[in-house]
Amino acid sequence: MAAIRSVKVPGPPSPFPGGVSLFGGGLPSPLTPLSPQGMVALVTGGGSGLGRATVERLVERGARAVLLDLPRSGGAQLARELGESCAFAAADVTSPEEVGAALALTREKFGRLDLVVNCAGVGIAVKTYNGKKDKVHELEDFQRVINVNLVGTFNVIRLSAQLMSRNAPDADGHRGLLVNTASVAAFEGQVGQAAYSASKGGIVGMTLPIARDLAPLGIRVVTIAPGLFSTPLLAALPEKVRKFLGQQVPFPSRLGDPAEYAHLVQALAENPMINGEVVRLDGALRMQP
Ligand SMILES: NC(=O)c1ccc[n+]([C@@H]2O[C@H](COP(=O)([O-])OP(=O)(O)OC[C@H]3O[C@@H](n4cnc5c(N)ncnc54)[C@H](O)[C@@H]3O)[C@@H](O)[C@H]2O)c1
């Protein structure tokens, strides 16, 4: 068998204008040379869980971030702790005005927008019709989940794309990246997850058409579909239940760490070839009914 020899090839151009890298201060990535300017990110739901871990990772690695979350969230406190590289925007993702104001803040404070991570989301567990209780799923509850998870994500995407499109493209024509958060419930929704699964399935379904819409502008769109992650939601469960849930994951048999979600966001940002795709991050978990 012929020996495989490694061949040195020049790396592709930086995916972001100005050759920005998330590895600021760390190891230089072969794909994204270091830049003193740093990437500018907007992270929705950044006050808690997966969004919080993403903001922390990005800022630790030299990016600047606007953390968008509800006024009652822990977002303002986290932004204060992270210092000058982070700003808090109190906003509801379903509001065109409030998201517009958060983007205006991003432009005023940091001058540009390279990366958006949509983590804001809500969930409910209600049966379509509960025969035992003779109770029908409230339509308002269904609509609220769709509105926050699906319409809110689209609202942030459409307005962010406009600001991102103003970036000067890099040599590859790249202007930025939009990352969405679906769930494995988009594919294997469980009992009681009609609204949640529909909202996440909508995010999966719109990933490719939006990537196609924005391709001429050099803006990529990728969706992450997480399995079970140890965020405040699950952290509140008894240890026994958390352990049981973790054991449902083939490997590694545990709940995911929000830092592992943030790590994937970084990997997506640094690899300009991934676009229009949904990436499961679930340790091979397939949810049972
Ligand atoms: N944790 C998991 O196991 C898991 C698995 C699959 C998918 N997800 C998805 O990941 C995302 C983050 O989940 P998490 O576990 O970190 O949840 P979380 O509850 O810890 O964080 C969600 C954040 O979104 C914010 N938010 C809610 N509604 C908002 C609105 N209308 N406008 C702005 N912000 C709003 C909340 O204030 C909160 O800070 C959600 O979309 C969730 O559906 C989570």
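Predicted model, so just to flag it, every value in this text is computed and none were measured.

Peer 1: Account for the pairing of strand β1 (residues 40-44), naming residues and giving values.
Peer 2: Burial analysis of β1 places 5 of its 5 residues in the buried class, which makes it a mostly covered element. Here β1 shows a buried face lined by Val40, Leu42 and Thr44 and a second buried face lined by Ala41 and Val43. Bridge count for β1 against strand β2 (residues 64-69) is 5 bridges, and the pairing is parallel. When the sheet's bridge partners are listed, Ala41 is paired in β2 with Ala65.

Peer 1: Give me the lowdown on the site of the ligand, citing residues and values where you can.
Peer 2: The immediate surroundings of the ligand are formed by 26 residues, with Ser48, Asp69, Tyr196, Phe229 and Thr231 found nearest. Between the ligand and Thr231, the relevant distance is 2.7 Å, taken from an oxygen atom to a side-chain nitrogen or oxygen of the residue. Protein coverage of the free-state accessible area of the ligand, which is 820 Å², stands at 88%. Secondary-structure elements contributing two or more residues to the shell around the ligand are α1 (49-60) and α5 (194-214). Of the residues assigned to the shell around the ligand, the class counts are 14 nonpolar, 9 polar and 3 charged.

Peer 1: Got a sec to walk through the environment of Leu178? Specific residues and values, please.
Peer 2: Topologically, Leu178 is positioned in strand β7 (residues 176-181). What makes Leu178 buried here is its relative accessible area of 0%. Each C-alpha atom, one on Leu178 and one on Val116, is 4.8 Å from the other, the two residues being 62 residues apart in sequence. Sequence-distant contacts of Leu178, defined by excluding residues within four places in its chain, comprise Val116, Ile157, Ser160, Met164, Leu214, Ile219, Arg220, Val221 and Val222.

Peer 1: Can you break down the sheet that holds strand β8 (residues 219-226) residue by residue, with the values?
Peer 2: Reading across from one edge, β3-β2-β1-β4-β7-β8-β9 is the order of the 7 strands in this open sheet, with parallel pairing throughout. Each edge of the sheet is formed by a strand with only one pairing partner; in this case those strands are β3 (86-90) and β9 (277-281). Taking each pair of neighbouring strands and ignoring which way they run, the sheet shows an average axis angle of 20°. In the sheet, β8 pairs with β9 via 5 bridges, with the strands oriented parallel. Note on β9: the bridge partner recorded for Pro226 is Leu281. Its contacts with the sheet put α1 on β1, β2, β3, β4 (115-118), β7 and β8, and the angle it makes with β1 is roughly 165°. Those strands touched by helix α8 (residues 258-270) are β4, β7, β8 and β9, and its axis lies near 155° from that of β8.

Peer 1: Give me the nonpolar core: which residues, what numbers.
Peer 2: Formed by 34 residues in total, the largest nonpolar core has its most connected members in Leu42, Leu103, Leu113, Val116, Leu178 and Leu214. Those elements that provide at least two residues to this core are β1, β2, β3, α3 (96-110), α4 (139-164), α5 and β8. No other element matches α4, which puts 9 residues into this core. Not counting the four nearest positions on each side in its chain, Leu214 is found in contact with Ala161, Leu178, Ile219 and Val221. If you look at the next biggest cluster of nonpolar residues, it comprises 27 residues, including Ala41, Val59, Tyr261 and Leu268.

Peer 1: Pulling in residues and values, what's your account of α5?
Peer 2: In this model α5 runs 30 Å from its N-terminal to its C-terminal C-alpha over 21 residues, within 8% of the 30 Å that 1.5 Å per residue would give. Of the positions making up α5, those classed as buried are Ala195, Tyr196, Ser197, Ser199, Lys200, Ile203, Met206, Thr207, Ile210, Ala211 and Leu214. Looking at the packing, one finds that the buried side of α5 touches α4, β7, β8 and β9.

Peer 1: Quick one: what's the story with unusual backbone geometry, residue by residue and with numbers?
Peer 2: Residue Pro252 is bonded to the preceding Phe251 through a cis peptide linkage, with omega at -5°. Summarising the element assignment, Pro252 is placed in the loop between α7 (239-247) and α8. Positive phi values are uncommon outside glycine, yet Ala284 reaches one of about 70°. Relative to the elements of secondary structure, Ala284 occurs in the segment after β9.

Peer 1: Provide a residue-level description of α7, including the pertinent values.
Peer 2: Along α7, the residues classified as buried are Arg242, Leu245 and Gly246. Around the axis of α7, the buried residues are gathered within 100° of arc, so they sit on the same side. Exposed positions of α7 whose direction lies more than 90 degrees from the buried face are Lys240, Lys243 and Gln247. Of the surrounding secondary structure, the elements contacted by the buried residues of α7 are α6 (232-235).

Peer 1: Explain the confidence of the model for the protein chain to me, using residue names and the numbers behind them.
Peer 2: Of the residues in the protein chain, 87% have a pLDDT of 70 or more, and the chain-wide mean is 89. Residue range residues 1-37 is modelled with pLDDT below 50. Its contacts to residues more than four positions away, or to other chains, number 70 contacts.

About the thresholds
- Along each chain, residues carry numbers from 1 onward, in the same order as the chain's sequence is written.
- Thresholds applied to this predicted model are a pLDDT of at least 70 for local features of residues and 80 or more for the giving and counting of side-chain atom pairs; totals over whole chains, interfaces and linings are not thresholded and use all residues.
- Hydrogens and waters are ignored; side-chain quantities use all the structure's heavy atoms.
- Working definition: with a 1.4 Å probe on protein chains only, accessible area under 20% of the residue-type maximum means buried, over 50% means exposed, and in between means partly exposed.
- Each helix corresponds to a stretch of at least 4 residues labelled H or I by DSSP, and each strand to a stretch of at least 2 residues labelled E; elements are numbered beginning at the N terminus.
- Only when DSSP finds a minimum of two bridges between them are two strands counted as paired.
- For this purpose, a residue is taken to be near a molecule or strand whenever a single non-hydrogen atom of the residue falls within 4 Å of it.
- For the purposes of these results, a polar contact is taken to be a pair of N or O atoms within 3.5 Å, where, inside protein, one atom must be able to donate a hydrogen and its partner to accept one; residues adjacent in sequence count only when each atom of the pair is a side-chain atom.
- Residue burial considers only the protein chains on display, and all accessible areas are found by Shrake-Rupley using a 1.4 Å probe.
- Three residue categories are used. Nonpolar comprises Ala, Val, Leu, Ile, Met, Phe, Trp, Tyr, Cys and Pro, charged comprises Asp, Glu, Lys and Arg, and polar comprises the others, including Gly.
- Here, residues are in contact when the closest pair of their heavy atoms is within 4.5 Å.
- To get an axis, fit a line to the C-alpha atoms, keeping to the stretch in contact for a helix; angles then go from 0 to 180 degrees between the N-to-C directions.
- Throughout this description, the term nonpolar core refers to a set of buried Ala, Val, Leu, Ile, Met, Phe, Trp, Tyr and Cys residues connected via side-chain atoms within 4.5 Å.
- What a helix is expected to span follows from its residue count: subtract one and scale by 1.5 Å.
- The arc in question is the one spanned by the directions pointing from the helix axis to the C-beta atoms.
- The predictor attaches a confidence to each residue, called pLDDT, with possible values from 0 through 100.

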